[in-house]
Amino acid sequence: MKYAYYPGCVARGGTPELFQSMSKIVGPLGLELVELKEASCTGAGVLHEKNQELADTLNARTFAMAEQLQLPIMTICSTCQGVMSQVNHKLKNDSEYLARINKNLEPEGLEYKGTTEVKHFMWILVEDYGLDRLKQLVTKPLQRLAVAPFYGCYILRPSWIVGLDQQPDRGRYLEMIIGCLGADEIDYEGKTKCCGFPILTMNETNSVSMVRAHTVEAKDNGADCIVTPCPLCHLNLDGFQPVASNMNGSPIRMPILHLPQLIGLAMGMTAKELGMKRHIISTKTVEGQVKAGV
């Protein structure tokens, strides 16, 4: 299984442990990734507010690169998935606008014909790879670990853009993967809500309040950790949890894991191999639960 790999900016910068852990599990999974090293940022939705055509051109440029390779794009960032899905939908359904965008790509000798598919790693794991196949790679079932899923905004909304109309189970994929790895799924209301990152610079108090609400709710429902497919959600839920703890009046101590890290643990990989020492909130309790489950 071969994909044009688009890790995104945050996995290379703000959360390099995500890129590291993804690199570790690729081999056992048997995935062949061709990284799009010359691709630019998607704009994360922010650039679209200032210059929509520029943002769409940058994304079309990435699509054209993958199209030349005749490969679908795999991303490991929910925000990237959401932005790219919206741009791709627009370009595929508006030939006049696509022609205008392609004019912008001409200086680089690129043209997007509208054939590229963009899929998050989580979707690929369930739809293309298969959970039965993944389960065969589990050498250390996470049977004593209670995991709360956290989707964030962009991989679920708008539903008709990110394919929930055609694949309604995409709203349950995290839970399905958690179960496949042998862990207990913790259900809670906040799992599909915003992490607060998009408003962090405009209203830090409300953003941190959202961090507090989600992490405390997950903890009160019995979670040992939260797992997310979005590095921006990870940045907020992990990085601003100490501030949220001060707001809470007591430590929350809720470890936040990237999806590839959870998979790596079930494959028998160490916390060091998966970059878990980089987290703001210690993952030692998670490591202890995994060891106790053997």
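Rules and cut-offs
Numbers given for residues are sequential positions, taken from 1 along each chain in its written order. Reporting of local features is limited, given that this is a predicted model, to residues whose pLDDT is at least 70; pairs of side-chain atoms are given and counted only at 80 or more, and all residues count toward the totals for whole chains, interfaces and linings. Each side-chain value is worked out from all heavy atoms of the structure, with water and hydrogens disregarded. Take a side-chain nitrogen of Lys or Arg and a carboxyl oxygen of Asp or Glu: if they are within 4 Å of each other, that pair is a salt bridge. The secondary structure listing takes helices from DSSP runs of H or I that are at least 4 residues long and strands from runs of E that are at least 2 residues long, numbered from the N terminus. Per-residue accessibility, obtained with a 1.4 Å probe over protein chains only, is compared with the maximum for each type, and a residue is labelled buried under 20%, exposed over 50%, and partly exposed between these values. The nonpolar core is taken to be a set of buried Ala, Val, Leu, Ile, Met, Phe, Trp, Tyr and Cys residues, with the residues joined through side-chain atoms within 4.5 Å. Only heavy atoms matter for contacts: two residues are in contact if any of them lie within 4.5 Å across the pair. Strands are labelled as partners when DSSP assigns at least two bridges between them. Fitted lines through C-alpha atoms serve as axes, helices being fitted only where they are in contact, and the angles separating the N-to-C directions of these axes extend from 0 to 180 degrees. Cysteine sulfur atoms that pair up within 2.5 Å are treated as a disulfide. Between 30 and 60 degrees the pair is tilted, below 30 it is stacked and above 60 it is edge-to-face, where a pair is any two Phe, Tyr or Trp rings, Trp via its six-membered ring, whose centres lie within 6.5 Å.

**Student:** Hey, could you run me through the pattern of salt bridges in this one?
**Tutor:** Within this structure, the stated rule accounts for 16 salt bridges. Note that Glu 108 is salt-bridged to Arg 61, the shortest N-O span being 2.6 Å. Pair noted here: Glu 108 is in the loop between α6 (95-105) and β4 (118-120) and Arg 61 is in helix α4 (residues 52-69), with a separation of 47 residues, a long-range link. Glu 106 is the salt-bridge partner of Lys 103, the closest N and O atoms lying 3.7 Å from each other. A network of salt bridges, in which partner residues are shared, links Arg 172, Glu 175, Glu 185, Asp 187 and Lys 191.

**Student:** Where do I start with unusual backbone geometry in this structure?
**Tutor:** Excluding glycine, residues mostly carry a negative phi; peptide bonds, for their part, are mostly trans. Of the consecutive residues Arg 157 and Pro 158, the connecting peptide bond is found in the cis state with omega at -15 degrees. Relative to the helices and strands, Pro 158 resides in the loop between β5 (146-149) and α9 (173-180). Not every positive phi belongs to a glycine, and Gln 70 is a case in point at roughly 55 degrees. Residue position: Gln 70 is located in the loop between α4 and β3 (73-75). Positive phi outside glycine occurs at Arg 253, with the angle close to 55 degrees. Along the chain, the position of Arg 253 falls in the loop between α12 (241-248) and β8 (256-258). With relative accessibility at 62%, the residue Arg 253 sits in the exposed group.

**Student:** How should the nonpolar core be read in this particular structure?
**Tutor:** Side chains that are nonpolar tend, in soluble globular proteins, to be buried together. Counting 52 residues, the largest nonpolar core has Phe 121 and Leu 134 as its most contacted members. Of all the secondary-structure elements, those providing two or more residues to this core are β1 (2-6), α2 (16-29), α7 (121-129), α8 (131-135), α9, β7 (225-228), α13 (259-266) and α14 (284-292). With seven residues, the single largest contributor to this core is α7. Aside from chain neighbours lying at most four places away, what touches Leu 134 is Leu 29, Leu 125, Tyr 129, Ile 177, Cys 180, Leu 181, Ile 263 and Met 267. One finds Ala 60, Phe 63, Cys 80 and Tyr 97 within the second-largest nonpolar core, a separate group that totals 23 residues.

**Student:** Teacher, can you tell me more about the environment of Pro 229 here?
**Tutor:** Note on placement: Pro 229 falls in the loop between β7 and α11 (231-239). Between the C-alpha atoms of Pro 229 and Thr 75, which are 154 residues apart in sequence, the distance is 10.0 Å. Beyond its immediate sequence surroundings of up to four residues, Pro 229 is in contact with Ile 76, Cys 77, Ser 78, His 120, Met 122, Phe 150, Tyr 151 and Leu 174.

**Student:** Explain the sheet that holds β7 to me, please; I cannot follow it from the model alone.
**Tutor:** Hydrogen bonding along the main chain pairs the strands of a sheet, whether they run parallel or antiparallel. Here four strands make up an open sheet; going across it, the order is β6-β5-β7-β8 and the pairing parallel. Of all the strands in the sheet, just β6 (184-185) and β8 have a single pairing partner and so form its edges. Looking at chain direction, β5 and β6 are connected through two bridges and run parallel. Bridging from a neighbouring strand, Ala 146 pairs with Asp 184 of β6. Against the sheet, α11 touches β7 and β8, its axis set at about 160 degrees to β8.

**Student:** Help me out: how do you make sense of the state of the cysteines in this one?
**Tutor:** What is meant by a disulfide is a covalent connection between two cysteines, made through their sulfur atoms. Enumeration according to the criterion identifies zero disulfides in this entry. This cysteine, Cys 77, is not joined by any disulfide, and Cys 80 carries the nearest cysteine sulfur, 3.6 Å off. Taking relative accessible area as the criterion, Cys 77 reaches 4% and is therefore assigned buried. You can see Cys 194 has no disulfide; the closest cysteine sulfur is in Cys 153, sitting 3.6 Å from it.

**Student:** It is not clear to me how α13 should be interpreted in this structure. Could you clarify?
**Tutor:** In an α-helix, one turn spans 3.6 residues, which is why side chains three or four residues apart end up on the same side. Counting buried positions over the eight residues of α13 gives eight, a clear majority of the element. Residues of α13 that are buried: Leu 259, Pro 260, Gln 261, Leu 262, Ile 263, Gly 264, Leu 265 and Ala 266. Positive backbone phi, at 95 degrees, marks Gly 268, one or two positions downstream of α13.

**Student:** Which parts of the structure should I look at to understand the packing of aromatic side chains?
**Tutor:** To describe a pair of aromatic rings, one takes the distance between the centres and the angle between the planes. By the definition in use, this model includes two aromatic pairs. Relative to Phe 19, the ring of Tyr 5 lies with its centre 6.1 Å away and its plane at 15 degrees, an arrangement referred to as stacked. On the criterion of sequence distance, the pair formed by Tyr 5 in strand β1 and Phe 19 in helix α2 is long-range, its members being 14 residues apart. For the pair shown, Tyr 5 and Phe 19 are each scored as buried. With centroids separated by 5.3 Å and ring planes inclined at 50 degrees, the aromatic side chains of Phe 63 and Tyr 112 adopt a geometry described as tilted. Placement of Phe 63 in helix α4 and of Tyr 112 in the loop between α6 and β4 is noted, with a sequence separation of 49 residues between them.

These figures come from the coordinates and say nothing about function on their own.
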